[in-house]
Amino acid sequence: MKSAIVASITLLACFGFMEQAKAFNPQDVERFKANGACPRCDLSGANLSQANLSKVNLRDANLRGADLTGTNLSNADLTGADLQNAVLIGANLSGASLMGANLRSASMENANLSFAALMSANLSAANLSGANVFLANFRGANFRLTTLRNGVVSSDKPYWWSLQSESLKDCNKFTSENARGTTCYNE
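About the cut-offs
Residues numbered from 1 in each chain as written. Predicted model: local features only at pLDDT ≥ 70, side-chain atom pairs only at ≥ 80, totals over all residues. Heavy atoms only, no water. Phe/Tyr/Trp six-rings, centres within 6.5 Å; stacked < 30°, edge-to-face > 60°. Helix = DSSP H or I, 4+ residues; strand = E, 2+ residues; numbered from the N terminus. Buried < 20%, exposed > 50% of the residue type's maximum accessible area, 1.4 Å probe, protein only. Core = buried A, V, L, I, M, F, W, Y, C linked by side-chain atoms within 4.5 Å. Contact = heavy atoms within 4.5 Å. Polar contact = N/O pair within 3.5 Å; in protein donor to acceptor, adjacent residues only side chain to side chain.

1. Points about the packing of aromatic side chains
Part 1 of the argument: Counted according to the given criterion, the structure contains two aromatic pairs.
Part 2 of the argument: Taking 5.6 Å as the distance between ring centres and 85 degrees as the angle between the ring planes, the aromatic pair formed by Phe115 and Phe134 counts as edge-to-face. Here Phe115, found in the loop between helix 2 (26-35) and strand 1 (168-169), pairs with Phe134, found in the loop between helix 2 and strand 1; they are 19 residues apart in sequence, far enough to count as distant. We note that Phe115, like Phe134, is exposed.

Laid out in structure tokens, this is it:
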């Protein structure tokens, strides 16, 4: 009986700590409102839905679990920001810098990512259904189990998995003699 009580108290204490860890820093919110910029600040779990944050500097900011539904983040600097589990449904991220950002499990349905820089971003388990990705740069991004804009879920294998095979098969099988390039593929 005592062990059940201790386990219950421990579990409740853990939930209390988790709730504290999820809450944003009120001083950072005030600094953000005053300056319009808040690099490296803690806005985790904050409700910033429908806000106009165009051209804002949130570099390396903690926005875990933040509600950014319908928010205008066009040309914003979110380089290295932690947006894990953030809700960005219908958000405007056109021209935004999300280089190296953590967007793991982020909801970005119908978001505008046109001209956005997402180099080396972590998009694993993110939802991009219906997103506008016109000329977005995803070079080196992680798409593991990501729901792509057309609703297809990407592979659970790391992005480099197709390069692990060393044997080439059927090189130039389908090219004509005067065509440039190759049609080699790995088995």
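2. Considering the nonpolar core
Part 1 of the argument: Counting residues in hydrophobic clusters, the biggest one holds 41 residues, and the most contacted among them are Leu58 and Leu103.
Part 2 of the argument: If near-sequence neighbours (up to four positions away) are discounted, Leu58 is found in contact with Phe32, Cys38, Pro39, Cys41, Leu43, Leu63, Asp77, Leu78 and Ala81.

3. Considerations on the side chain of Asp77
Part 1 of the argument: Tracing the backbone shows Asp77 in the loop between helix 2 and strand 1.
Part 2 of the argument: A polar contact is formed between the side chain of Asp77 and the side chain of Arg59, at a distance of 3.0 Å.
Part 3 of the argument: A polar contact of 2.6 Å, which involves the side chain of Asp77, links it to the side chain of Thr79.
Part 4 of the argument: In this structure, Asp77 is in contact with Val56, Asn57, Leu58, Arg59 and Ser97, ignoring residues within four places of it in sequence.

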